[in-house]
Amino acid sequence: MLSRVANNLIWLDRYMERGNGILSLLKVNYYANQDSPELFSWTPIMKTFTPFDNEFFTEDPIECINFMVLNPDNSNSILNIVTKARENARSVQEHISRELWLCINNYYLYLSSKDLPKKLEEDPVHFLEDLRKHHLIYYGTSDITQERGTSYYFMNVGKFLERVILISDFTSLKLTDIGNTSDSLEKSFYWKNLLLSIGGYQLYLKTHKSTFNEEHVIKMVFQDKLFPRSVYYCINKLSKHINQLIDSNELEKNKIDFLLGKLESTIKYTTIENINSQGLDNFINDIKEDIRNISLNINAVYFSQNN
C-alpha cells in the first residue's frame, strides 16, 4: 500500500476518534458547569483543545460549544475535524466501503447545515448528542462493512493511537483541577467527571459500588483489560493491529515490537504505589512520549519505504 493511502487511513480514524472524544467532553462539562460553574470552567478545555495562539476565551457555555464545534477559524473544531476526515476518506474511497464514505459525507453535510447554530441555542445537550450519534454510526458502519485487511488495520492503528492520547489529555485536565483543591468531595466530583467523559462511569459503579476512590479510578482508566477506553486495552488493540500489518509484510518489525511490548508491560505491571511515587502526571507524560515514539517509528519504517 502506498504511504499516502496508509497515512490517510490512519488520520481518517484519528480525526473521527478525536471528534467523538471532544463532543463527549463538551457534553459532560456542560452538565457539570450548569450545576457547579465554579468547579467546571470552560477555560481548561479551550486551552487544551484549541490552537496555541487562540485568544477566544469565554465562560458562556453556548459560545464555547459554538467555537469548539462550528467555528471555521478553530482548526480543532468538530467542523474542521470532520472536514479533514472527509478529505482523507475521499482520497481513499477505493480502500473503504461505500457505506463508510456515505456515512462521513452525510455527517459533513449535516455540519454544513445553516440551522445548526439555532439548534445549539435551543438545546445544547440534544445538539451534542445528535453529533455524537454520527460518530457512533461511523463506528458501527466501519465494523460491519469494512473488510478485514490492510486498510482496516491502518484505520484501527489511527483510532487507538488517538484514543490513548485523548484519555491521557482528559486525565491531565482533571489532575490540574484536583491539584487545586484539598476538598475530598470536590476531588470525587472531578474523578466522576473524568469517568463520564470517557464512558466509564457505569462500569465503575458496577465494579466498585462505592464513592470515587482515586486508586480505583486510576486502575480502571489505565489498567483495566476489558474497558474499551482504558489505556491498557487500547495499547493491546494497537499492538494487535500493528502485528497484523507486520504479518502481512506492510510493516517491518524494527523497534515497533519492542516499543509496544515495553509500553504494554509498563502499564500492565505498574502498581499504584509506583504511579504515586513518580506522580501520575509524569506517568501520563511517559505514556504520551512512548505513543509519540511508536507513531514516529511507524512513519520512519513504513512511509520512507512505500512512497
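Model, not experiment: these values are computed from the prediction.

S.K.: Can you walk me through the packing of aromatic side chains in this structure?
M.R.: How two aromatic rings sit relative to each other is given by the distance of their centres and the angle of their planes. Throughout the structure, instances matching the rule amount to 8 aromatic pairs. Relative to Tyr190, the ring of Phe40 has its centre 5.3 Å away and its plane inclined at 65°; by these criteria the two rings are edge-to-face. With Phe40 in the loop between helix H1 (3-35) and helix H2 (43-48) and Tyr190 in helix H9 (residues 184-197), the pair connects residues that are 150 residues apart, well separated along the chain. Overall, the relative accessible area of 5% leaves Tyr190 in the buried class. When the centroid spacing of 5.3 Å and the interplanar angle of 25° are considered together, the rings of Tyr204 and Phe212 count as stacked. Of the two residues, Tyr204 and Phe212, both sit in the buried class.

S.K.: How should the pattern of salt bridges be read in this particular structure?
M.R.: If charged atoms from side chains of opposite charge come close, those side chains can pair. What the rule picks out here adds up to 12 salt bridges. Between Arg18 and Glu162 there is a salt bridge whose closest N-O contact spans 2.9 Å. Residue Arg18 is located in helix H1, and its partner Glu162 is located in helix H8 (residues 150-179); the two are separated by 144 residues in the primary sequence. Looking at Arg18, the relative accessible area reads 16%, which means it is buried. Classification of Glu162 by relative accessible area gives buried; the value is 3%. Residues Arg132 and Glu129 are paired through a salt bridge, measuring 3.9 Å at the closest nitrogen-oxygen approach.

What counts, and where the lines are drawn
Residues numbered from 1 in each chain as written. Predicted model: local features only at pLDDT ≥ 70, side-chain atom pairs only at ≥ 80, totals over all residues. Heavy atoms only, no water. Phe/Tyr/Trp six-rings, centres within 6.5 Å; stacked < 30°, edge-to-face > 60°. Helix = DSSP H or I, 4+ residues; strand = E, 2+ residues; numbered from the N terminus. Buried < 20%, exposed > 50% of the residue type's maximum accessible area, 1.4 Å probe, protein only. Salt bridge = Lys/Arg side-chain N within 4 Å of Asp/Glu carboxyl O.

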